[in-house]
Each structure stands twice: as C-alpha cells, then as structure tokens.
Amino acid sequence: MSAGRKPKLNFTECLRQWTTCIRGVRHRLGKDEKAAKETFEWLLIQDGQAEVQKEANPLLGDLFAAWQQHITSEGFHPSRLRLCKERLREFLKRMGLGARLSDLHPAHVDAWINAKHSKADKTKPVAKGTQRQYASLLLACLNWCAKPVNLGGGELIPSNPLKGRVKLQRGGSRGEEAVWLPETFEQVCKVGHPNFVDAVKFLAWTGIRPSLLTRLEACHYNKDQKRFDVDAITHRRKKLKYIRLPDEAIAPVDKLVAKHPTGKLFRNAWGDPWKGDAMQIYLFEMIHKRIKTKDLKWQKGITIKGLRHSFATAFLRKHPDKIEYLRIILGHSDYKMIFKHYGKLVGQHQAIAETMSTFSAF
C-alpha cells in the first residue's frame, strides 16, 4: 500500500474472498460480505484509522478498540498493553466479531474464564487471582466506555452491562504475605536503576499507593512541614491530605525537587514519568528476565504494592498502640482495611482493637 492511500474492502477473485491491505499487510476476510465488512471496520479501528462513534448498541470490537487506544495514550507499559490486547482479542473471538453490547451477558464471561487452564496442569483451572484479573480487565474496559468524558471516560455506552453482575473471585488478605524482607529491599536498591530505587525508597518511607506517587510534583512539596500536600490530587473519597516524610527522606526529596522543579517528580530511566503498572512491570522483568538479575535469589511474590504493606506492618510492630495514627497516614476512612490486612498484628493487642472497633462517644 502506498503512503497515504486509504484502505479499502475488495473482493479478490483469485482468492474467492474479501480482502483488504493495511500498511502493506494483506488481510483475508472470508467469503461473507457482512462479516468481512465488520472485520474490516474492526481492523481500521485497531490501526487508528477510524473513529469509534457513539451508538445505542455498538459492536464489542469497537468498544475494545477504543479502550485500547485510550490505554495506549495513557502510556501503559508495552508488556501490559500486549496482555490487554491479547485477552480482549481472545474474548472477542469467542463471542464473535459481530457481537454487540446487547449480546453480552455475565454467563459469557464465566464460560470464558472457566475454559482457562493452568499451564503447568491442563486439568486444573487457573488460579483465583488470575480469574479475577480476566474479569477485571473486561470490567475496566466497559467502565471506561460508560464513564462521562469530563471524568476521563469514553462515554460510548449508557452503562456497563456487567457491573455488579460478574463475580470476582475473592482471595485472602495479602497484607502480611506481601511484606518485603529487609534483604529483598536491599537487593532491589543495589541492582535497580537509580530512578526506580528513588521510587521504591519513597514508597517504603511513606506507605502511599504507587498511583499517588506517579502524580507528585514539586509544587506539592511543603519543606517546612516535612510533607507533601496532596488533598488536591487525591480522589474525593480518599481521606489522605498529607504525605508525611521521615527525616531520612528529606535530602532525597530536596534533590528530586531541585532536579524536576516542574512536572512529575518520579521518572523512569528515560526521564519520562512513571505511569500505570510500569513500576510493577519493571520489577517483574528485573526478577525474571534480565540477564544480570534473573539468576539472583528473589523473595517469592513481591510486588510494588507490597511496599505499602511493609510500611504498615513495620509501623504496627513498632507502634502497636497507634492504630489511629496509621489510619491517618494510610488515608483510610475507618479501621476495616487495617483489621483485614493486618489482623494478626493488631490481634497481638486485642483489647485495643476491640475497643477501637466498637467505641462510640454517643
């Protein structure tokens, strides 16, 4: 295909089927004209050469393609993008390229997930956590499609037909299991890129969520009070107003603020702001794929979010009588999450836990 030529749907006599050529690649679309047209439109959207129009009952393929364009523009890591595209393509193939929003039912999602099997043992279903990830992917896509544009969504459909109807597998609390060992923290700081280590240390010092770290800028830093004022950039339902800093964090933060007086403070090796799951993917690749680090002895199951659990666990062990302080630092509205994730630690001081959970001044 020559540069600038718009792809067309053609019936190729020698192949006795409909075909198209997009960016030099020929696609065979079958003998059925209607099905070929739907596939052709889907390919154009995937290639970014067509705009998805809002309609009452759109094709699922159009919705999936629009969401893929969105997460691509949001800077998702290539590995994460590839997984999202592969899973959505797989689900769409199961439903049929001509499937529309009204054709989608929770039973289709359950059947798709139940057909998945463990790579190690084909007779066993995938783990509950993996099942949850598959269902969450579809929900995230359709939630964005239903969200208004002024709230960051696509506003392509009136509502998500799966919301509240798809069962998400529940796993146990990962609070204590996700805690980083001291030797793990030291090893990451030793072999990780300095920019990644800056982010890891800040998460360990403060206990904040990785998603909040990616939004921090120099203008949020309050050096006199040793904190970041984040009320303006946290979700309205979150209670976190300040990120309080320990003394050891002040010098590194001052250095970052001087280096990046404008824009995001925490950036990757190429100087771009961390986005989405990029830090988790970097950690995964460092543990499993990089020649210099994959053969090192690594703690099983560590995640970037585990640093928040590590902070909370260490805080409770050192200050078991200051559950209220921890609640404020983590930004929780009540004690439910603390009891859920760190119940064993709080249980060491059961009298405190029971008193705080049932106390009412009136």
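Calculation rules
- Each chain has its residues counted from 1, following the order in which its sequence is written.
- Per-residue local features of the predicted model are confined to residues with pLDDT of at least 70, and side-chain atom pairs are confined, for both listing and counting, to 80 or more; whole-chain, interface and lining totals are unaffected and use all residues.
- Side-chain figures throughout are based on the complete set of non-hydrogen atoms in the structure, without hydrogens or water.
- We define a salt bridge as a side-chain nitrogen of Lys or Arg found within 4 Å of a carboxyl oxygen belonging to Asp or Glu.
- Elements are defined by DSSP. Helices are runs of H or I of four residues or more, strands are runs of E of two residues or more, and each kind is numbered from the N terminus.
- Per-residue accessibility, obtained with a 1.4 Å probe over protein chains only, is compared with the maximum for each type, and a residue is labelled buried under 20%, exposed over 50%, and partly exposed between these values.
- Two residues form a contact once any of their heavy atoms are found within 4.5 Å.
- For two strands to be treated as a pair, DSSP must find no fewer than two bridges joining them.
- Lines are fitted to the C-alpha atoms to define the axes, a helix being fitted only along its stretch in contact, and any angle between axes, read from their N-to-C directions, falls within 0 to 180 degrees.
- If an angle is under 35 degrees, it is roughly parallel; if it is over 145, roughly antiparallel; if it lies from 65 to 115, roughly perpendicular; otherwise it is oblique.
- Each residue receives one of three labels: charged for Asp, Glu, Lys and Arg, nonpolar for Ala, Val, Leu, Ile, Met, Phe, Trp, Tyr, Cys and Pro, and polar for the others, Gly being one of them.
- For every residue, the predictor states its confidence as a pLDDT score lying anywhere from 0 to 100.
- The term nonpolar core refers to a set of buried residues drawn from Ala, Val, Leu, Ile, Met, Phe, Trp, Tyr and Cys, joined through side-chain atoms within 4.5 Å.
- Here is the rule: rings of Phe, Tyr and Trp (six-membered ring for Trp) pair when centre to centre is within 6.5 Å. Planes less than 30 degrees apart are stacked, more than 60 are edge-to-face, and the remainder are tilted.

(A) Representation of the pattern of salt bridges within the structure. According to the stated counting rule, one finds 8 salt bridges in the structure shown. Across the pair Lys-116 and Glu-90 runs a salt bridge, and its minimum N-O distance is 2.0 Å. Here Glu-90 lies in helix H3 (residues 78-95) and Lys-116 lies in the loop between helix H4 (106-114) and helix H5 (128-146), a separation of 26 residues in the sequence. Given the relative accessible area of 14%, Lys-116 is considered buried. Put simply, Asp-247 and Lys-226 hold a salt bridge, and the shortest N to O gap is 2.9 Å. Here Asp-247, found in helix H9 (residues 247-259), pairs with Lys-226, found in the loop between strand E4 (221-222) and strand E5 (227-229); they are 21 residues apart in sequence, far enough to count as distant. Judged by its relative accessible area of 58%, Asp-247 is exposed.

(B) Examining the side chain of His-260 more closely. By the element assignment, His-260 lies in the loop between H9 and helix H10 (278-288). Not counting the four nearest positions on each side in its chain, His-260 is found in contact with Ala-218, Leu-265 and Arg-267.

(C) Region of the structure containing the pairing of strand E3 (residues 25-30). Strand direction decides the pairing type here: strand E2 (residues 17-22) and E3, joined by 5 bridges, are antiparallel. If you follow Ile-22 over to E3, its bridge partner there is Val-25. Between E2 and E3, which pair antiparallel in sequence order, lie 2 residues; one of them, Arg-23, sits at a positive phi of approximately 55 degrees.

(D) Representation of the sheet that holds strand E1 (residues 10-12) in the model. Overall, antiparallel pairing links the 3 strands, which are arranged E1-E2-E3 in an open sheet. On the outer flanks of this sheet lie E1 and E3, each paired with one strand and no other. For this sheet, the mean inter-axis angle between neighbouring strands, taken without regard to orientation, is 45 degrees. Examined bridge by bridge, E1 and E2 share 3 bridges and lie antiparallel to one another.

(E) Here's a closer look at the environment of Pro-252. Looking at where Pro-252 falls in the secondary structure, it is placed in helix H9. Along the primary structure Pro-252 and Asp-198 are separated by 54 residues, whereas in three dimensions their C-alpha atoms are 7.9 Å apart.

(F) Geometry of the sheet that holds E5. Here we have 3 strands laid out as an open sheet, ordered E4-E5-E6, and antiparallel in their pairing. What marks the edges here is a single partner per strand, and that holds for E4 and strand E6 (242-244). Strand direction decides the pairing type here: E4 and E5, joined by 2 bridges, are antiparallel. Each residue of the ladder has a partner; that of Tyr-221, found in E5, is Phe-228.

(G) Broad picture of the packing of helix H2 (residues 60-73) against H3. Running from N to C, H2 and H3 cross one another at 180 degrees; their axes reach a closest spacing of 11 Å. With respect to H3, the element H2 is oriented roughly antiparallel. Contact with H2, carried on its side by Leu-60, Gly-61, Phe-64, Trp-67, Gln-68, Ile-71 and Thr-72, involves Leu-81, Cys-84, Lys-85, Leu-88, Phe-91, Leu-92 and Met-95 of H3 and no other residues of that element. Split by residue class, the contact of H2 with H3 holds 10 nonpolar, 3 polar and 1 charged.

(H) Structural context of the confidence of the model for the chain. In this model, the chain carries an average pLDDT of 83, and 85% of its residues clear a pLDDT of 70 or more. The low-confidence segment residues 172-176 (pLDDT under 50) makes 12 contacts with residues lying over four places distant or belonging to another chain.

(I) Spatial organisation of the nonpolar core. Core analysis: the biggest nonpolar cluster contains 41 residues, and Leu-60, Leu-63, Phe-64, Trp-67 and Phe-91 have the highest contact counts within it. Of all the secondary-structure elements, those providing two or more residues to this core are E2, helix H1 (33-46), H2, H3, H4 and H5. Those residues in contact with Phe-91 that sit more than four places away from it in its chain are Phe-64, Leu-104, His-108, Val-109, Trp-112 and Leu-138. One finds Val-230, Ile-243, Tyr-282 and Leu-283 within the second-largest nonpolar core, a separate group that totals 36 residues.

(J) The packing of aromatic side chains, seen in detail. Enumeration according to the criterion identifies 11 aromatic pairs in this entry. When the ring of Tyr-221 is compared with that of Phe-228, the centres are 5.2 Å apart and the planes differ by 35 degrees; the resulting orientation is tilted. Aromatic side chains Phe-311 and Phe-315 sit 6.3 Å apart centroid to centroid with 25 degrees between the ring planes, which places their arrangement in the stacked category. Remark: Phe-315 and Phe-311 occur in helix H11 (residues 306-318); sequence separation between them is 4 residues, near one turn of the helix.

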